[in-house]
Amino acid sequence: MHRNNPINFNVISLPTAESTNTYIKEHIDELSDNTVVIADMQTNGRGRLGNKWIADKGALSMSVLFRNIPSAQNMTVISAVAVCQALQMLYGITAGIKWTNDIICENKKVCGILCESSIKGYTADKEPDRYMICGIGLNVNQNGAFFKECGLLDGASLCSLYGGEYDKLEIGLYVLRRLAILQGMAFSEVIKIYRGLCVTLGKSVRLIQNNCEITAYAKDIDENGCLICENESGEFTVNSGVVRVRGMNGEYV
Ligand code: BTN
């Protein structure tokens, strides 16, 4: 992997993987900080909240391993911004972020991000090994029929929305470049960019957790990337975790 590989990322390119996040977990002891695993095809992709991530060879499936980063939550924000910037800078495609980190084009989800963090080897006399895996699944070259056949009514790809065929690897490497740049910036600056990209803000939303649903107005993003909402009970903050956000009519915002 030589094409424009941003400094410091060790890229492992696989023809197939069950899940690039799982691959990193299974090889965690052998992999160094900033290792990137890109699979041409994933056979058992995993999504947020225990969902499956359905994709074929048309998708970019990529996971990045970060060791001992100061905040896992920051990486969630940074990776969403990195994907939006890559699409804008490479192809002039305007993408937005549905809080927390779904990437939206034309009201359809084109990319999902699964960030998983863990602490290993915790003993009284040794600092634990903290790591975070940032898995990015971007729908690139699938056609419209793919999403219909899979029942992914909110899903779309760059190709199904804008036509043409895109170079998955070029996008992946550009996302890595943006990740590196954003990591070097003050997080407060990244949050400002995130706010500007977040399509959830300024909308009335339904917040769904387990069987409980409340409605609220999505007001702002706080300095940690949490969603600040307001309803008749007052203002409250929603942490990324397990809350699903939907527009009032079920739309993807
Ligand atoms: C979501 O929106 O539910 C998150 C989807 C994340 C999918 C990516 S594809 C690369 C990485 N490997 C996985 O198994 N999942 C993530």
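Owing to the predicted nature of the structure, the values given are computational and were not obtained by experimental measurement.

Trainee: I would appreciate a short explanation of the packing of aromatic side chains in the present structure.
Mentor: Aromatic ring pairs are defined here through the distance separating the ring centres and the angle between the ring planes. If you walk through the whole model with that rule in mind, you get 2 aromatic pairs. For the ring pair Y91 and Y166, a centre distance of 5.0 Å and an interplane angle of 80 degrees mean the geometry is edge-to-face. Note that Y91 is positioned in helix α2 (residues 72-91) and Y166 in the loop between α4 (158-162) and α5 (168-183), a separation of 75 residues in sequence. Overall, the relative accessible area of 26% leaves Y91 in the partly exposed class. Given the relative accessible area of 14%, Y166 is considered buried. Pairing F146 with F147 gives two aromatic rings, centres 5.1 Å apart and planes at 90 degrees, and the pair type is edge-to-face. Residue F146 is classed as buried on the basis of its relative accessible area of 11%.

Trainee: I would appreciate a short explanation of the pattern of salt bridges in the present structure.
Mentor: If the charged atoms of two oppositely charged side chains come close together, the side chains can form a pair. Applying the stated criterion across every chain yields a total of 11 salt bridges. Across the pair E116 and R46 runs a salt bridge whose closest N-O atoms are separated by 2.9 Å. Remark: R46 occurs in the loop between β2 (35-42) and β3 (59-67) and E116 occurs in strand β6 (residues 108-120); sequence separation between them is 70 residues. Owing to a relative accessible area of 29%, R46 belongs among the partly exposed residues under this scheme. Across the pair K109 and D102 runs a salt bridge whose closest N-O atoms are separated by 3.1 Å. We note that K109, like D102, is buried.

Trainee: Where do I start with the pairing of strand β7 (residues 129-139) in this structure?
Mentor: Side-chain positions along a regular strand alternate between the two faces of the sheet. For β7, the buried fraction is high: 9 of the 11 residues fall into the buried class. Where β3 meets β7, 9 bridges bridge the pair, whose relative direction is antiparallel. Within the sheet, the bridge partner assigned to M62 lies in β7 and is I136.

Trainee: What exactly am I supposed to notice about the site of the ligand here?
Mentor: Of all residues adjacent to the ligand, which total 19 residues, the nearest are S19, Q42, R46, R48 and K109. Q42 places a side-chain nitrogen or oxygen 2.8 Å from a nitrogen atom of the ligand. Within the side chain of K109, a nitrogen or oxygen atom sits 2.5 Å from an oxygen atom of the ligand. The fraction of the free accessible surface of the ligand (420 Å²) that becomes covered by protein chains is 97%.

Trainee: How should I be thinking about the sheet that holds strand β10 (residues 227-231) in this particular structure?
Mentor: Strands belonging to one sheet form pairs held by backbone hydrogen bonds; the direction of such a pair is parallel or antiparallel. Across the sheet, 5 strands lie side by side as β11-β10-β9-β8-β12; this open sheet has antiparallel pairing. With partners counted over all chains shown, the strands left at the sheet margins are β11 (234-238) and β12 (244-247), one partner each. Strand-to-strand twist in this sheet, taken as the mean axis angle between neighbours without regard to direction, amounts to 45 degrees. Sheet topology places strand β8 (residues 204-209) next to strand β9 (residues 212-221); 6 bridges connect them, and they run antiparallel. Pairing of V205 across the sheet is with A216, part of β9.

Criteria and thresholds
- Along each chain, the written sequence defines residue order, and numbers are assigned to residues from 1.
- Whole-chain, interface and lining totals are the exception, using all residues; otherwise, since this is a predicted model, local features are given only for residues with pLDDT of at least 70 and side-chain atom pairs are given and counted only at 80 or more.
- Calculation of side-chain values draws on the structure's entire complement of heavy atoms; hydrogens and water are dropped beforehand.
- By convention, a stacked pair of Phe, Tyr or Trp rings (six-membered ring in the case of Trp) has centres within 6.5 Å and planes under 30 degrees apart, an edge-to-face pair has planes over 60 apart, and any other such pair is tilted.
- Numbered from the N terminus, helices here are DSSP runs of H or I no shorter than four residues, and strands are runs of E no shorter than two.
- Each residue is placed in one exposure class: buried if its accessible area under a 1.4 Å probe, protein chains only, is under 20% of its type's maximum, exposed if it is over 50%, and partly exposed if it falls in between.
- A pairing counts as a salt bridge when a side-chain nitrogen of Lys or Arg comes within 4 Å of a carboxyl oxygen of Asp or Glu.
- At least two bridges found by DSSP between two strands are what make those strands a pair.
- Throughout, the term near means that a residue has one or more heavy atoms lying within 4 Å of the molecule or strand in question.
- Whenever two N or O atoms come within 3.5 Å, that pair is a polar contact, provided that in protein one can donate a hydrogen and the other can accept it, and provided that, for residues adjacent in sequence, both atoms are side-chain atoms.
- Here the open area of atoms and residues is found with the Shrake-Rupley method and a 1.4 Å probe, where only the protein chains shown may cover a residue.
- An axis is simply a line fitted to the C-alpha atoms; with a helix, the fit covers only the stretch in contact. Between two such axes, the angle follows the N-to-C directions and lies from 0 to 180 degrees.

So far we have only geometry, and geometry alone does not tell us how the molecule works.
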